[in-house]
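Chain by chain, the residues run as shown.
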Amino acid sequence: MTDARSSQFHHMPVFCSDLEATERWFVDGVGAEFIDRRDSRGVPGVTLQLGGANVLLRPARDGETLAEAGTRHYGADHIGLRVADIDATVKDLRQRGVEIEVEPWDFAPTTRIAFVKGPDNVRIELVQPK
């Protein structure tokens, strides 16, 4: 592997209980771009692009047990997306039917944030630097 400082973010896997609903939420709800649909080792998969990164969606494989996500857990907790106007973004997402988990608020003097929640408790933090 090369020096981590020269690395680029490649993908974020999201395991889904309902692949079609999760794809629809990412595309119609939060504006992800559809890239590709293909089978991966025997299960359907969808590649989307969100904020310049690939989001890879797939259901469980035969014999694979995936647990329900709890409210807090070890591992990745959420995806963070930088937005230009958090209040306008939240208004637009709400009109699309996206659940606003945490309304916009000033996290720090230089940062305003909000959280949205999707299928299987996928959480996206919206970040607006001031």
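See the structure shown above.
Conventions we followed
Numbering of residues starts from 1 in each chain and follows the order in which that chain's sequence is written. Owing to the predicted nature of the model, reporting of local features is limited to residues with pLDDT of at least 70; listing and counting of side-chain atom pairs is limited to 80 or more, with chain, interface and lining totals taken over all residues. Excluded from the side-chain calculations are hydrogens and water; all other atoms, namely the structure's heavy atoms, are used. Buried Ala, Val, Leu, Ile, Met, Phe, Trp, Tyr and Cys residues form a nonpolar core when they are joined through side-chain atoms within 4.5 Å. Residue exposure (1.4 Å probe, protein chains only): buried if accessible area is under 20% of the type maximum, exposed if over 50%, otherwise partly exposed. Put simply, DSSP H or I for four residues or longer makes a helix, DSSP E for two residues or longer makes a strand, and each gets a number counted from the N terminus. Throughout, a residue-residue contact means that at least one pair of heavy atoms, one from each residue, lies within 4.5 Å. Within 3.5 Å is the distance limit for a polar contact, defined as a pair of N or O atoms, with the added protein rule that one can donate a hydrogen and the other accept it, and that residues adjacent in sequence qualify only through two side-chain atoms. Here, a salt bridge means any Lys or Arg side-chain nitrogen found within 4 Å of an Asp or Glu carboxyl oxygen. What the arc covers is the set of directions going from the helix axis to the C-beta atoms. Pairs were defined over the aromatic rings of Phe, Tyr and Trp, the Trp ring being its six-membered one, requiring ring centres within 6.5 Å. Orientation was assigned from the angle between planes: stacked under 30 degrees, edge-to-face over 60, tilted for the rest.

K.L.:
When you look at the nonpolar core in this model, what are you seeing that I'm missing?
P.N.:
If you look at soluble globular proteins, the nonpolar side chains tend to sit buried side by side. Judged by nonpolar contacts, the single largest core of 25 residues is most densely connected at Phe26, Val30, Leu57, Val116, Ile124 and Leu126. Contributing elements (two or more residues each) for this core: helix 1 (19-29), strand 3 (43-50), strand 4 (53-58), strand 5 (79-82), helix 2 (86-95), strand 7 (111-117) and strand 8 (123-129). If we ignore the near neighbours within four places in the chain, the residues touching Phe26 are Val14, Gly31, Ala32, Leu48, Leu50, Val55, Leu57, Val122 and Ile124.

K.L.:
Explain helix 1 here, please?
P.N.:
Every α-helical turn comprises 3.6 residues, leaving residues that sit three or four positions apart pointing alike. By the burial criterion, the buried members of helix 1 are Leu19, Thr22, Glu23, Trp25, Phe26 and Gly29. Taking the backbone nitrogen of Glu20 as reference, a side-chain oxygen 3.3 Å away marks Asp18 as the first, capping residue of helix 1. Gly31 sits one or two positions beyond helix 1 and adopts a positive phi of about 85°.

K.L.:
What am I meant to see in the pattern of salt bridges here?
P.N.:
Pairs can form between side chains of opposite charge once their charged atoms are near each other. Taken as a whole and assessed by the stated rule, the structure comprises nine salt bridges. Its salt-bridge partner being Asp36, residue Arg38 comes within 2.3 Å of it at the nearest N-O pair. With a relative accessible area of 56%, Arg38 lands in the exposed category. Judged by relative accessible area, Asp36 falls into the partly exposed class, the value being 22%. Salt-bridge contacts for Arg112 lead to Asp106; the nearest nitrogen and oxygen are separated by 3.1 Å. The class for Asp106 is partly exposed, based on a relative accessible area of 40%. Sharing partners across several salt bridges, the network here consists of Asp87, Asp106, Arg112 and Lys130.

K.L.:
Mind showing me how you'd approach helix 2 here?
P.N.:
Where helix 2 is concerned, the buried positions are Ile86, Val90 and Leu93. Viewed along the axis of helix 2, the buried residues span an arc of 65°, placing them on a single side of the element. Relative to its buried face, helix 2 has exposed residues pointing more than 90 degrees away, namely Lys91 and Gln95. Among the structural elements, helix 1, strand 6 (99-108), strand 7 and strand 8 are those in contact with the buried residues of helix 2. Where helix 2 starts, the residue carrying a side-chain oxygen 3.2 Å from the main-chain nitrogen of Asp87 turns out to be Asp85.

K.L.:
Quick question: what am I supposed to make of the side chain of Arg112 here?
P.N.:
Looking at the secondary structure, you find Arg112 in strand 7. A polar contact is formed between the side chain of Arg112 and the side chain of Asp87, at a distance of 3.1 Å. Residue contacts for Arg112: discarding those within four places in its chain leaves Ile86, Asp87, Pro104, Trp105, Asp106, Phe107, Leu126, Val127, Gln128 and Lys130.

K.L.:
Even after reading the chapter, I still don't get the packing of aromatic side chains, so can you show me in this structure?
P.N.:
One pair of aromatic rings is described through two measures. These are the centre distance and the angle between the planes. Counting across every chain of the model gives two aromatic pairs. Measuring from ring centre to ring centre gives 5.0 Å for Trp25 and Phe26, while their planes differ by 85°; the resulting arrangement is edge-to-face. The class for Trp25 is buried, based on a relative accessible area of 12%. Centroid distance Trp105 to Phe107: 5.7 Å. Interplanar angle 75°. Geometry classified as edge-to-face. For Trp105, a relative accessible area of 38% translates into the label partly exposed. The exposed category is assigned to Phe107, whose relative accessible area is 53%.

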